[in-house]
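Each chain, letter by letter, is given below.
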Amino acid sequence: MDQFMKRAVELAVKNIKEGGQPFGAVLVKDDEVIAEGVNELHIKYDVSGHAELIAIRKAQEKLQTVDLNGCTMYASGEPCPMCMTAIYFSGIKKVYYCASIEDAKGAGLGASSFIYKDLSLPREQRSIDIVHMPLQSGIVDPLSKWANK
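Residues numbered from 1 in each chain as written. Predicted model: local features only at pLDDT ≥ 70, side-chain atom pairs only at ≥ 80, totals over all residues. Heavy atoms only, no water.

A. Layout of the layout of surface pockets. Approximately 360 Å³ is the volume found for the largest pocket. Listing elements by their share of the lining of the largest pocket, those giving two or more residues are α3 (81-90), α4 (101-106) and α5 (111-119). Class assignment of the residues belonging to the lining of the largest pocket gives a composition of 13 nonpolar, 7 polar and 2 charged. As a volume, the second largest pocket reaches approximately 180 Å³. Together, F114, I115, D118, L119, R126, S127, I128 and I130 line the second largest pocket. For the lining of the second largest pocket, the per-class residue count stands at 5 nonpolar, 1 polar and 2 charged. (1 Å grid on protein atoms, 1.4 Å probe; cavity = no way out; pocket = protein on both sides within 12 Å on 5 of 7 lines; lining within 4 Å. Points joined across faces, edges and corners; volume = space filled by probe spheres on them. Helix = DSSP H or I, 4+ residues; strand = E, 2+ residues; numbered from the N terminus. Nonpolar A, V, L, I, M, F, W, Y, C, P; charged D, E, K, R; others polar.)

B. Quick look at the side chain of D118. Positionally, D118 belongs in helix α5. Look past the residues within four positions of D118 in its chain and what remains in contact with it is R126, S127 and I128. (Contact = heavy atoms within 4.5 Å.)

C. Examining the sheet that holds strand β1 (residues 24-29) more closely. Ordered by their spatial adjacency, 4 strands build an open sheet running β2-β1-β3-β4, and the pairing between neighbours is mixed. Bordering the open sheet on either side are β2 (32-38) and β4 (94-99), each of which pairs with just one other strand. Here the average twist between neighbouring strands, direction ignored, is 15°. Along the sheet, helix α1 (residues 3-17) contacts β1, β2, β3 (71-77) and β4; its crossing angle with β1, the most-contacted strand, is approximately 150°. Lying over the sheet, helix α2 (residues 51-63) contacts β1, β2 and β3, oriented at roughly 135° with respect to β2. (Pairing = 2+ DSSP bridges. Axes fitted to C-alpha atoms, helices over the stretch in contact; angles between N-to-C directions.)

D. Geometry of the nonpolar core. The biggest cluster of nonpolar side chains holds 18 residues, and the ones touching the most others in it are L27, I56, A59, L68, M73 and I92. Contributing elements (two or more residues each) for this core: β1, β2, α2, β3 and α3. Per element, the largest residue contribution to this core is 5 residues, and it comes from α2. When residues no more than four places from it in sequence are discounted, the contact partners of A59 are L27, I34, A35, Q64 and L68. (Core = buried A, V, L, I, M, F, W, Y, C linked by side-chain atoms within 4.5 Å. Buried < 20%, exposed > 50% of the residue type's maximum accessible area, 1.4 Å probe, protein only.)

E. How the structure looks around the packing of α2 against α3. Axis separation between α2 and α3 bottoms out at 9 Å; the angle between their running directions is 25°. The orientation of α2 relative to α3 falls into the category roughly parallel. As for the relative orientation of α2 and α3, their crossing is left-handed in sense. Counting all contacts with α2, which are made through E52, L53, I56 and Q60, the residues of α3 involved are M82, C83, A86, I87 and S90. (Parallel < 35°, antiparallel > 145°, perpendicular 65-115°, else oblique. Left-handed = near helix turned anticlockwise from the far one by under 90°.)

Listed below in structure tokens is the structure:
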């Protein structure tokens, strides 16, 4: 195991001792740690307080950019759908993880497994109703406004 993954796992174990879930993340660029994070759901009432998202936020703030292309994510657990989406949006191209989604489910942390399956379904078959409401006449279309700026 390399030093960055070892650190992500150490963060996860420390987080358990502090009352949190077993997730730690380390974001690396050019063999240097840019940011770290742990799951903070036990500290803040914020479902987005996942280790990977916290590491991404810290790195973006530190580097003053949303583009993290060239960075590599090391996570103690396979990223959930929310974290994976942030990884895509931030431009991170490589992720290493230890525990799989299936491992997490076996430990009683199965939300990611369910969500990945649910998102693979057509919209009308998902467990959350997602309803398209086209803009009505006379309402400014934000996407058109953006495209024409």
